[in-house]
Number of protein chains: 4
Amino acid sequence: MNSFGRIFRISIFGESHGKAVGIVVDGCPPGITLAEEDLEADLARRKSGAKGTTSRREDDRPVFLSGVHQGKTTGSPIAVMFHNADVISSDYDMFKDVPRPGHANFVAKKKYEGFSDIRGGGHFSGRLTLGLVTAGVIAKKIINPIQVKADLLEAGGEKNIDKAIQKAIKNNDSIGGIIECRSLNMPVGLGEPFFDSVESLLSHLVFSIPGVKAIEFGSGFKAAAMTGIQHNDPIITLSGKTKTNHAGGVNGGITNSNDLVFRIAVKPTASISKTQHTMNTKMVKMVDLEVKGRHDLCIALRIPVIVEAATAVVLADLMMINKTIS
Amino acid sequence: MNSFGRIFRISIFGESHGKAVGIVVDGCPPGITLAEEDLEADLARRKSGAKGTTSRREDDRPVFLSGVHQGKTTGSPIAVMFHNADVISSDYDMFKDVPRPGHANFVAKKKYEGFSDIRGGGHFSGRLTLGLVTAGVIAKKIINPIQVKADLLEAGGEKNIDKAIQKAIKNNDSIGGIIECRSLNMPVGLGEPFFDSVESLLSHLVFSIPGVKAIEFGSGFKAAAMTGIQHNDPIITLSGKTKTNHAGGVNGGITNSNDLVFRIAVKPTASISKTQHTMNTKMVKMVDLEVKGRHDLCIALRIPVIVEAATAVVLADLMMINKTIS
Amino acid sequence: MNSFGRIFRISIFGESHGKAVGIVVDGCPPGITLAEEDLEADLARRKSGAKGTTSRREDDRPVFLSGVHQGKTTGSPIAVMFHNADVISSDYDMFKDVPRPGHANFVAKKKYEGFSDIRGGGHFSGRLTLGLVTAGVIAKKIINPIQVKADLLEAGGEKNIDKAIQKAIKNNDSIGGIIECRSLNMPVGLGEPFFDSVESLLSHLVFSIPGVKAIEFGSGFKAAAMTGIQHNDPIITLSGKTKTNHAGGVNGGITNSNDLVFRIAVKPTASISKTQHTMNTKMVKMVDLEVKGRHDLCIALRIPVIVEAATAVVLADLMMINKTIS
Amino acid sequence: MNSFGRIFRISIFGESHGKAVGIVVDGCPPGITLAEEDLEADLARRKSGAKGTTSRREDDRPVFLSGVHQGKTTGSPIAVMFHNADVISSDYDMFKDVPRPGHANFVAKKKYEGFSDIRGGGHFSGRLTLGLVTAGVIAKKIINPIQVKADLLEAGGEKNIDKAIQKAIKNNDSIGGIIECRSLNMPVGLGEPFFDSVESLLSHLVFSIPGVKAIEFGSGFKAAAMTGIQHNDPIITLSGKTKTNHAGGVNGGITNSNDLVFRIAVKPTASISKTQHTMNTKMVKMVDLEVKGRHDLCIALRIPVIVEAATAVVLADLMMINKTIS
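Now for a description of the structure that goes with this document. (Residues numbered from 1 in each chain as written. Chains lettered and ligands numbered in written order. Predicted model: local features only at pLDDT ≥ 70, side-chain atom pairs only at ≥ 80, totals over all residues. Heavy atoms only, no water.)

## Considerations on the overall build of chain A
Filter applied, for reference: The helix and strand labels rest on DSSP assignments: H or I over at least four residues marks a helix, E over at least two residues marks a strand, and numbering proceeds from the N terminus. Within these notes, the globule rule equals 2.2 Å times the number of residues to the 0.38 power, and the radius of gyration is based on C-alpha atoms. For each residue, the accessible area found with a 1.4 Å probe, counting protein chains only, is set against the maximum for its type, and the residue is called buried under 20%, exposed over 50%, and partly exposed in between. In this analysis, two residues are considered to be in contact whenever any of their non-hydrogen atoms come within 4.5 Å of each other. All accessibility values rest on the Shrake-Rupley procedure with a 1.4 Å probe; residue burial counts only the protein chains present in the view. In this tally Asp and Glu are treated as negative and Lys and Arg as positive; neither His nor the chain ends contributes. Just so you know, the charge point we use is NZ for Lys, CZ for Arg, CG for Asp and CD for Glu.
Tallying secondary structure elements over chain A gives 7 helices and 15 strands in all. Over its C-alpha trace chain A gives a radius of gyration of 21 Å, about what one expects of a compact globule, namely 20 Å for 326 residues. Dimensions of chain A, computed from C-alpha atoms along their principal axes, come out at roughly 65 × 55 × 35 Å. Within chain A, buried positions represent 69% of all 326 residues. In chain A, 72% of the contacts between residues at least 6 apart in sequence involve partners at least 24 apart. Just so you have it, chain A exposes about 10,400 Å², and 51% of that area is on carbon and sulfur atoms. Taking the average place of the 39 positive charges on the side chains of chain A and the average place of its 33 negative ones, the gap between the two points comes to 3 Å.

Right under this line is the structure:
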C-alpha cells in the first residue's frame with residue numbers, strides 16, 4: 001500500500017489539503033550526514049513557480065521529526081513532514097458530484113465510499129511526492145558513487161520545450177513529456193530474481209508518481225522491432241561493459257555495470273482551464289466543467305527530480321540487500 | 001525476492017536444468033475447483049513447438065504437492081512442481097567463461113560468486129514461468145467475471161507475424177514483438193495508493209518475465225505528445241465509462257471500470273545460431289561464439305499467456321485486498 | 001523493523017527526547033469515526049502520574065497529520081504525532097560510557113556505531129508506545145464487538161499492588177508485575193497457519209513493548225505439567241465453546257470462539273534510584289552509578305492499556321485478512 | 001501466512017496426508033555446502049520411534065528440488081520436499097463431525113468452510129515441521145559460530161522424563177513438557193527495534209510450532225516478582241557480558257553478547273487413547289470419542305530440534321539484516 005522497499009523502506013502519508021504530508025524512512029544506516037540544507041536543491045527542483053508550473057507556492061520546509069541527531073542519521077526511522085500552508089479548499093467542493101476528467105476523484109469516491117478527502121487531490125496529489133524527494137536525497141547519499149540524473153527530453157511532442165509550453169499557455173491547454181533517467185557508476189549485481197528485477201522495482205516505484213503512463217529500459221519499444229544480432233549486448237570488458245547498452249544496463253533483471261537507462265512518458269496534466277465535458281453524477285447528465293484552481297500546465301517539468309528519487313530509493317534498497325549475501 | 005503479492009502470494013523456485021521448477025501459491029481462498037486439466041490450455045499456449053519456438057519439449061505435467069483436496073483448494077498453500085525431464089546440460093559448460101551476449105550468465109556469476117547454476121539459464125530461465133502460468137490459472141478463477149486476454153500484435157516490427165518469423169528463420173536470427181493485454185469487465189476501485197497503483201503492481205510482475213523491456217498503459221508513450229484536452233478521459237456513464245480510455249482503464253492508480261489495457265515490448269531472443277562476438281573472461285580476449293542448444297527464435301510468441309497470468313495474479317490480489325475494507 | 005501488520009499496518013517513529021514520536025496506520029477502512037477525544041481514555045490510562053509511575057508529565061496531545069477528514073477516517077494512512085515537550089536531556093549524557101544495567105544503552109551504541117540518540121532511551125523508550133495506544137484505539141473500533149481488557153494481576157510478587165508499591169518506594173527500588181489480557185466475544189477463525197498463528201502474532205507485538213519478558217496462553221506453563229485428559233478442551237456447544245478453555249481460546253493457532261486469554265510478565269523497571277555497579281566502558285572499570293532522572297518504579301502499572309492496544313491491532317489485522325477469503 | 005523472515009525467508013507447504021510437505025528457503029547466500037547427509041542428524045532427532053512418540057514411521061527423506069548445485073547453495077530458492085508415504089487416512093473420517101478435543105479440526109472446518117484437508121491434521125500437522133528443521137540446518141550453517149542447543153527439561157511435571165513417560169503409557173494418557181533453548185557465542189546487536197525485537201521474532205516463530213503455549217526469556221515469569229536491584233543485569237566486561245543474565249541475553253530487544261536463553265511450555269498431546277467427551281456437531285449432542293490412529297504421547301520429546309531450527313532461522317535472518325547497515 002503506502003510503503004515500499006524491503007530494507008530501505010519508505011512509508012508515505014498525507015493529503016494535499018490536510019495538515020501535512022510526509023514520509024517515514026526505515027532501515028537507513030546510522031551515521032549519514034543529514035541536514036535540512038541537503039534537501040534544498042532537490043526540493044527546489046520539484047517546486048512550482050517556473051513557467052508551466054502551478055502558481056501554488058508553499059515553503060516546502062521539511063520538519064525532521066525523528067531519526068536524525070546531531071546532524072547524523074541514528075539508525076531509527078526518519079520521519080519528515082511538510083506542513084500544508086497555502087490551501088484553498090473551496091475550489092474542490094464541486095468535484096464531489098462532477099468528477100474531473102482524467103482525475104482520481106471518481107475512483108477515490110467509489111473506492112473509499114465517499115470518505116476520501118478529495119480536496120486538492122487528497123492523498124492522490126502530486127504533493128505527496130515531497131516525501132519521495134526527501135527519501136531520494138537520503139538514498140542518493142547511500143548509493144554514492146552511483147550518480148542518478150533525470151532530464152526532460154521533450155514536452156508536448158517537441159524537443160524545444162519552451163516553445164511547447166508557450167503554445168500550451170496560449171491554448172489554455174496542458175502538455176505531457178518524456179523524461180530520461182540515467183544512472184552512472186553502476187556496479188554489477190543489483191536486482192533480485194525472479195520478481196524483484198531492477199526493472200520490476202524501478203517501474204513499480206516510478207508508476208506510483210502521478211501522471212506516469214509508460215516506461216522503457218534501454219532500447220525499450222524499439223527492441224521489439226530489432227533482431228537478436230542487432231540488439232544483443234556483447235560484453236567487451238572484464239568489468240562487464242557492453243558494446244551497445246541496448247539492454248539499458250540490465251540483463252536478467254540484474255545490473256551489468258553499464259549505465260542504467262530508462263525513459264518514461266508523463267501524460268498532460270488533467271486539470272486544464274479549457275472548458276470540458278463530464279458527467280454530473282448527481283444530476284446524471286453531461287455538464288460543462290471549468291477547472292479553476294492553480295495547476296501545472298506541464299507536470300513533466302517537475303518530475304525529473306522525483307524520478308531520480310525513485311531510482312535512488314530502489315538502488316539503495318538493492319545495494320543494502322546485496323550486502324546480506326556478501 | 002522470489003515472492004510476489006500481499007494476500008494472494010506466489011513464491012517461485014527452480015532452475016532450468018535442476019530437478020524441478022515450481023510455485024507455491026499462498027492465500028488462495030478455499031473451495032475453488034482445481035484440477036490438472038484446468039491448466040492444460042494455458043500450459044499448452046506457453047509451450048514450445050510452434051514455428052519460431054524452441055524444439056525443447058517437455059511434458060510440462062504439473063504435479064500438485066499440496067493445497068488441493070477432492071478437487072478443491074483447501075485454503076492452505078498450493079505447491080505445484082514440474083519435473084525437468086529433457087535436459088542436455090553439456091550445452092552450457094562453455095558459458096562459464098564466455099558469457100552469452102544479452103544473457104544473465106555474466107551478472108549471475110558475479111552476483112552469486114560463481115555458485116549459480118547457469119545450465120539452461122538456471123533460475124533465470126523462461127522455464128520458471130511455468131509456475132507463473134499455473135498461478136494465473138488459479139487467479140483467473142478468482143477474478144471471474146474479469147476476462148484477461150493478451151495477444152501478440154506484431155513481431156520483428158511486422159504485423160504479419162508468420163512472414164516475420166520466416167524471415168528470421170532464413171537469417172538464423174531472432175526477433176522481438178509487441179504484446180497487448182486487455183482485461184474486460186473491470187470493476188471500479190482495484191489498486192492502492194500510493195505505491196501499489198495498478199500500474200505499479202502490473203509492471204512489477206510483468207518485468208519479471210524474461211525478455212520484457214517496456215510497458216505502456218492506455219495511450220502510453222503517445223500521451224507524452226498529446227494535450228490535456230486531447231488526452232483527458234471524460235466520464236460518460238454513471239458506472240464510470242469514459243469517452244476515450246486514453247488512460248487505459250486507470251486513474252490515480254486505480255481501475256475506473258473501463259478495459260484495463262497495456263502493451264509490452266519483448267526483446268529478440270538473446271540466443272541465436274548466428275556467430276557472435278563476446279569476451280572470454282578467462283582468456284581476456286574477444287572470441288567468436290556459436291550458441292548451439294535449442295532456443296526460441298521469437299520468445300514473444302509464448303509470452304501472451306504469461307502476461308495474462310501476471311495480470312490475473314495482480315488483479316486477484318487486489319480484489320482480495322479490496323475486500324478487507326468492505 | 002518498525003512496521004507491523006499485513007493489512008492493518010502500523011509504522012512507528014520517534015525518539016524520547018527528539019522532536020516527536022508518532023505512528024502511521026495504513027490499511028484502515030474508511031468511514032470510521034475518529035476524533036482526538038476518542039484517544040483520551042486510553043492515553044490517560046497509559047499516562048504517568050499515579051503513585052509508582054514517573055513524574056514526567058507531558059500533555060500527550062495527539063496531532064492528527066493525515067487520514068482523518070470531517071471526523072472520519074478516509075482510507076489513506078493515518079499519521080499521528082505527539083510532540084516531546086518536557087525534555088531534560090542532560091540527565092543522559094553520562095550513559096554514553098556508563099551503560100545503565102538492564103537498559104538498551106550498550107546494545108544501541110554497538111549496533112548503531114555510536115550514532116543512536118540515547119537520550120531518554122531514544123527510540124527504545126517506552127514513550128514510543130504512545131503510537132501503539134493510538135493504533136489500539138482505532139483497532140478497537142474495527143474489532144467491535146470484540147472487547148479487549150487487560151489488568152495488572154500482581155506487582156512485585158504480591159496481589160496487593162498498593163502495598164507492593166509502597167514497599168518499593170520505601171526501598172528506592174522498582175518492581176515488575178503480571179498482566180492478564182482477556183478478549184471477549186471472539187469469533188471462530190482468526191489466525192493463519194502456519195507462521196501467523198494468533199499466538200505468534202500476539203507474542204510478536206507484545207514482546208515489542210519494553211519490559212515484557214514472558215507470555216503464556218491459557219494454562220500456559222501449567223499445561224506442561226498436565227496430562228492430555230486434564231488439559232484437553234472438549235467442545236460443548238455448536239458455536240465452539242469448550243469446557244475448560246485451558247487452550248486460552250486458540251486451537252491450532254486459530255481462535256475457537258472462547259475468550260482469548262494470555263498473561264505476560266513485566267520485569268522491574270531498570271532505572272532505579274539505588275546505587276548500582278556497572279562498567280565504565282571508557283575507563284574500563286566498574287563504577288558506582290546513581291540514575292537520576294524521573295522514572296517509573298513499576299512500569300507494569302502503565303502497560304495494561306498498551307497490551308490491549310497490541311491485542312486489538314493484531315485482531316483487527318486478522319479480521320481484515322479473514323475477509324479476503326470470504 | 002505461510003512465510004516468515006525478511007531476508008532469509010521460509011515458505012512452508014503441505015498437508016499430513018497429501019502428496020508431500022516441504023519448504024522453500026529464499027534469500028540463502030550462495031556457496032554454502034549442503035547435502036542430504038547434513039540433514040540426517042536433525043531429522044533423526046525430530047523423528048518418531050522413541051518411547052512416547054508416534055509409531056508412524058516415514059523415511060523422511062528430503063528431496064532437493066532446487067537451489068543446490070554441485071553440493072553448494074546457488075543463491076536461488078532452495079525447495080525441499082518430503083513425500084508422505086505411510087498414510088492411513090481412513091482414521092480421520094469421523095472427525096469431520098466429531099471434532100477432537102484440543103485439535104484444530106473444528107476451527108479449520110469453520111475457517112475454510114469445510115474445504116480443509118483434515119486428514120492427519122492436514123496443514124496443521126506437526127509433520128509440517130520437517131520443513132522447518134530443514135531450514136534450521138541451513139540456518140545453523142549461516143549463524144556459525146553461534147551454537148543453538150535445546151533440551152527437554154521436564155515432562156509431565158517431572159524432571160525424570162522416563163518415569164513420567166512410563167506413567168503416561170500406563171494411564172493411556174499424554175503429557176506436556178518444558179524445553180529450554182540456549183544459544184552460545186552470541187554477538188551484540190541482533191534484533192531490530194521496535195517491532196522486530198529478538199523476543200518478538202523468536203516467539204513469533206516458536207508459537208508456530210504445534211503445541212507450544214508459553215515462552216519466557218531469561219528470568220521470565222520470575223522477573224515479575226523481582227525488584228530492579230535483583231533483576232538488573234550489570235555489564236561487567238567490555239564485550240557486554242553481564243553478571244546475572246536475568247535478561248536472557250536481550251536488552252531492549254537486541255542481543256547483548258550473553259547466552260540467548262528462553263524456555264517454552266509444550267502442552268500434552270491432544271490425541272489420547274483414553275475415551276473423551278466431545279460434541280457431535282451433526283447430531284448436536286455430546287458423544288464418547290476414542291481416538292485411534294498413531295500419536296505421540298509426549299510431543300515435547302520431538303520439539304527441541306524444532307525449537308533449535310526456529311531459533312537458527314531467526315538469528316540467520318537478523319545476522320543478514322545486520323549486514324545491511326554495516
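## Points about the interface of chain D and chain B
Applied cut-off: Here the quantity called buried area is the accessible surface, traced with a 1.4 Å probe, that two parts lose on coming together, added over both. Definition used for salt bridges: Asp or Glu carboxyl oxygen within 4 Å of a side-chain nitrogen of Lys or Arg. Here a polar contact is taken to be a pair of N or O atoms separated by no more than 3.5 Å, where protein atoms must pair a possible hydrogen donor with a possible acceptor and residues adjacent in sequence count only if both atoms sit in side chains.
If you look at the interface, chain D gives 38 residues, while chain B gives 38 residues. Carbon and sulfur atoms make up 64% of the area that chain D and chain B hide from each other, which totals about 3,000 Å². It is Met1, Leu65 and Phe115 of chain D in chain D that bury the most area against chain B; as a group they hold 20% of the surface buried on that side. Across the chain D-chain B interface, the total number found is 0 salt bridges. Counting across the chain D and chain B interface gives 11 residue pairs in polar contact (both at pLDDT 80 or more). Mapped by element, the contributors of at least two residues to the side of chain D that touches chain B are strand 2 (9–14), strand 3 (20–26), strand 4 (63–64), strand 6 (72–73) and strand 7 (78–83) of chain D. Take the side of chain D that touches chain B: its biggest share by element is 5 residues, from strand 2 of chain D.

## Observations concerning the relation of the copies chain D and chain C
Spelled out, the test is: Alignment of copies: least-squares fit on C-alpha atoms of residues with pLDDT of at least 70 in both copies.
Superposition of chain D onto chain C requires a rotation of 180 degrees combined with a translation of 0.0 Å along the rotation axis, giving an RMSD of 0.0 Å. Here the copies are linked by what is in effect a two-fold axis. A share of 100% of interface residues in chain D that are also interface residues in chain C marks the association as one of identical surfaces.

## Some details on the relation of the copies chain D and chain B
Mapping chain D onto chain B is achieved by rotating through 180 degrees and translating by 0.0 Å along the same axis, at an RMSD of 0.0 Å. Looking at the interface residues of chain D, 100% of them are also at the interface in chain B, so both copies use one shared face.

## Overview of the sheet that holds strand 2 (residues 9–14) of chain B
Residue and element names in this part refer to chain B. Put simply, the test is: DSSP bridges decide pairing: two strands pair if at least two such bridges lie between them. Between N-to-C directions, angles cover 0 to 180 degrees, with each direction set by a line fitted to C-alpha atoms, over the stretch in contact for helices.
The 5 strands lie next to each other as 1-2-3-7-4, forming an open sheet whose pairing is antiparallel. Edge strands, defined here as strands with exactly one partner in the open sheet, are strand 1 (3–4) and strand 4 (63–66). Pairing geometry for strand 2 and strand 3 (residues 20–26), over 6 bridges, is antiparallel. Across the sheet, Gly14 pairs through a bridge with Val21, a residue of strand 3. On the sheet, helix 3 (residues 129–143) packs against strand 2, strand 3 and strand 7 (78–83) and is oriented at approximately 30 degrees with respect to strand 3.

## Description of the packing of aromatic side chains
As a reminder of what qualifies: Whether two aromatic rings pair depends on their centres lying within 6.5 Å, for rings of Phe, Tyr and Trp, where Trp uses its six-membered ring; planes under 30 degrees apart make the pair stacked, over 60 edge-to-face, and the rest tilted.
The full count for this structure, using the stated rule, is 18 aromatic pairs over all chains. When the ring of Phe194 of chain A is compared with that of Phe195 of chain A, the centres are 5.4 Å apart and the planes differ by 85 degrees; the resulting orientation is edge-to-face. Ring plane angle 85 degrees and centroid distance 5.9 Å describe the contact between Phe221 of chain A and Phe221 of chain B, whose orientation is recorded as edge-to-face. Remark: Phe221 of chain B occurs in the loop between strand 10 (212–217) and helix 6 (228–231) and Phe221 of chain A occurs in the loop between strand 10 (212–217) and helix 6 (228–231); the pair is interchain, linking two chains. Accessibility assignment for this pair places Phe221 of chain A and Phe221 of chain B in one class, buried.

## Description of the pairing of strand 15 (residues 285–289) of chain B
Working note: regular strand, side chains alternate between the two faces of the sheet. Residue and element names in this part refer to chain B. Alignment of strand 14 (residues 276–280) against strand 15, held across 5 bridges, turns out to be antiparallel. The partner of Asn280 across the bridge, within strand 15, is Lys285. What sits between the antiparallel neighbours strand 14 and strand 15 is a turn of 4 residues, in which Val284 has the positive phi angle 50 degrees.

## Remarks on the sheet that holds strand 2 (residues 9–14) of chain C
Residue and element names in this part refer to chain C. The 5 strands are arranged 1-2-3-7-4 in an open sheet whose pairing can be described as antiparallel. Edge positions in the open sheet fall to strand 1 (3–4) and strand 4 (63–66), since each of these has one partner strand only. Examined bridge by bridge, strand 3 (residues 20–26) and strand 7 (residues 78–83) share 6 bridges and lie antiparallel to one another. Each bridged residue has a counterpart across the sheet, and for Gly22 the counterpart in strand 7 is Met81. Sheet contacts for helix 3 (residues 129–143): strand 2, strand 3 and strand 7; angle to strand 3, the most-contacted strand, approximately 30 degrees.

## Here's the deal with the state of the cysteines
Residue and element names in this part refer to chain C. Our working rule: Any pair of cysteine sulfurs within 2.5 Å is marked as a disulfide.
Using the criterion set out here, one finds 0 disulfides over all chains in the structure. In this structure Cys298 is not part of a disulfide, and its nearest cysteine sulfur, from Cys181, lies 17 Å away. Since its relative accessible area comes to 0%, Cys298 is described here as buried.

## A short note on the interface of chain D and chain C
Short version of the rule: Residues are sorted three ways: Asp, Glu, Lys and Arg are charged, Ala, Val, Leu, Ile, Met, Phe, Trp, Tyr, Cys and Pro are nonpolar, and all the rest, Gly among them, are polar.
Between chain D and chain C, the contact holds 102 residues from the first and 102 residues from the second. Both sides together, the interface formed by chain D and chain C hides about 7,900 Å², and carbon and sulfur atoms give 66% of it. When residues of chain D are sorted by the area they lose upon contact with chain C, Phe194, Phe195 and Lys213 of chain D head the list and together hold 12% of the total. At the boundary of chain D and chain C, one finds 4 salt bridges. One salt bridge connects Lys111 of chain C with Glu192 of chain D, and the closest N-O pair in it is separated by 2.9 Å. Across the chain D-chain C interface, the total number found is 54 residue pairs in polar contact (both at pLDDT 80 or more). When the residues that make up the side of chain D that touches chain C are grouped by side-chain class, the tally is 50 nonpolar, 38 polar and 14 charged. In the sheet, strand 10 (residues 212–217) of chain C pairs with strand 10 (residues 212–217) of chain D via 3 bridges, with the strands oriented antiparallel. Residue Ala214 of chain C lies in a different strand from strand 10 of chain D, and its bridge partner there is Glu216 of chain D.

## Describing the pattern of salt bridges
Within this structure, the stated rule accounts for 80 salt bridges over all chains. Between Glu154 of chain B and Lys159 of chain B there is a salt bridge whose closest N-O contact spans 3.7 Å. Taking the relative accessible area as the measure of exposure, Glu154 of chain B reaches 15% and is therefore buried. Residues joined in a network through salt bridges with shared partners are Asp42, Arg45, Lys140, Lys149, Asp151 and Glu308 of chain A.

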